Amino acid sequence: MSTAPSTDTPWLARAVELAVANVQEGGGPFGAVVVRDGALVSTGQNRVTPTLDPTAHAEVQAIRAACRELGTFTLAGCVLYSSCEPCPMCAAASLWARVDRVVYAADRDDAARGGFDDRAFYDLMATPRSDWATPVVQVRPADATAPFDAWLAKDDRAAY
């Protein structure tokens, strides 16, 4: 655990407030905010059960809203604050969004105590795919690379 700069404290408090409010509104106990240059860009709350969307985690919701608000798919220059340690999906979304930092309050053990145990997913990522309970296998047709060939041939493609 590291000590957060004093500028992190109010944003973490906001993420926690969103999480607590979301419980009262029928969502999960998670909240997140995206901040750039000390200003709020977006918020997100866990809406998995109300929307029947397993990807509607608070961090993903906040990232999606921030990208819409800023008109870009990259959040370089932004910080993601979360009420809880991001699960592997949310951590990956943060990396894809290219946020500068992720700062969280509660950790994975706190989440597990609340019934949200992500440790199995962390463990799974360290296990060979051949040992996963859900098969993730490659079937490679002759045109498997066609989407990437089309992408590379496109002169005006967006740089990732």
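You'll find the structure just up there.
The notes below deal with the structure included here.

Analysis parameters
Residues numbered from 1 in each chain as written. Predicted model: local features only at pLDDT ≥ 70, side-chain atom pairs only at ≥ 80, totals over all residues. Heavy atoms only, no water. Pairing = 2+ DSSP bridges. Helix = DSSP H or I, 4+ residues; strand = E, 2+ residues; numbered from the N terminus. Axes fitted to C-alpha atoms, helices over the stretch in contact; angles between N-to-C directions. Parallel < 35°, antiparallel > 145°, perpendicular 65-115°, else oblique. Left-handed = near helix turned anticlockwise from the far one by under 90°. Contact = heavy atoms within 4.5 Å. Nonpolar A, V, L, I, M, F, W, Y, C, P; charged D, E, K, R; others polar. Buried < 20%, exposed > 50% of the residue type's maximum accessible area, 1.4 Å probe, protein only. Phe/Tyr/Trp six-rings, centres within 6.5 Å; stacked < 30°, edge-to-face > 60°. Lys NZ or Arg CZ within 6 Å of the ring centre and 35° of its normal. Salt bridge = Lys/Arg side-chain N within 4 Å of Asp/Glu carboxyl O.

1. What about the sheet that holds strand β3 (residues 78-84)?
The four strands lie next to each other as β2-β1-β3-β4, forming an open sheet whose pairing is mixed. The open sheet has two edge strands, β2 (39-45) and β4 (101-106), and neither has a second partner. Each neighbouring strand pair of the sheet contributes to a mean axis angle of 20°, computed without reference to strand direction. Examined bridge by bridge, strand β1 (residues 31-36) and β2 share six bridges and lie antiparallel to one another.

2. Regarding the packing of helix α3 (residues 58-70) against helix α4 (residues 88-97)
Two elements in contact, α3 and α4, have axes whose closest approach is 9 Å; the angle formed by their N-to-C orientations is 20°. As the angle between them shows, α3 and α4 are arranged roughly parallel. Once α3 is placed against α4, the crossing between them reads as left-handed. Of the residues in α4, those touching α3 at Glu59, Val60 and Ile63 are Met89, Cys90, Ala93, Ser94 and Ala97. For the contact of α3 with α4, the residue count by class is six nonpolar, one polar and one charged.

3. Focus: the pairing of β1
Of all the six residues making up β1, five are buried; the element is thus mostly covered by neighbouring parts of the structure. Bridge analysis of β1 against β3 gives five bridges, and the strand direction is antiparallel. Residue pairing for β3: Val35 is matched across the bridge by Val79.

4. Here's the deal with the side chain of Asn46
Structurally, the position occupied by Asn46 is in the loop between β2 and α2 (48-51). If near-sequence neighbours (up to four positions away) are discounted, Asn46 is found in contact with Asn22, Gly27, Gly28, Phe30, Ala56, His57 and Ala58.

5. What about the packing of aromatic side chains?
Scanning the entire structure with this criterion turns up one aromatic pair. Judged by centre distance (5.0 Å) and plane angle (90°), the rings of Phe30 and Phe116 are edge-to-face. Taken as a pair, Phe30 in the loop between α1 (8-24) and β1 and Phe116 in the loop between α5 (108-113) and α6 (119-125) lie far apart in primary sequence, 86 residues in all. Taking the relative accessible area as the measure of exposure, Phe30 reaches 14% and is therefore buried. Exposure remark for Phe116: the relative accessible area of 35% places this residue in the partly exposed category. Sitting over the face of the ring of Tyr122, Arg108 holds its NZ or CZ atom 3.7 Å from the ring centroid.

6. Overview of the pattern of salt bridges
Here the structure, examined in full by the defined rule, presents six salt bridges. The salt bridge partner of Arg14 is Glu17, with a shortest N-O separation of 3.8 Å. Here Arg14 and its partner Glu17 are both found in helix α1, three residues apart, which amounts to about one turn of the helix. Since its relative accessible area comes to 32%, Arg14 is described here as partly exposed. For Glu17, a relative accessible area of 48% translates into the label partly exposed. Its salt-bridge partner being Asp156, residue Lys154 comes within 2.8 Å of it at the nearest N-O pair.

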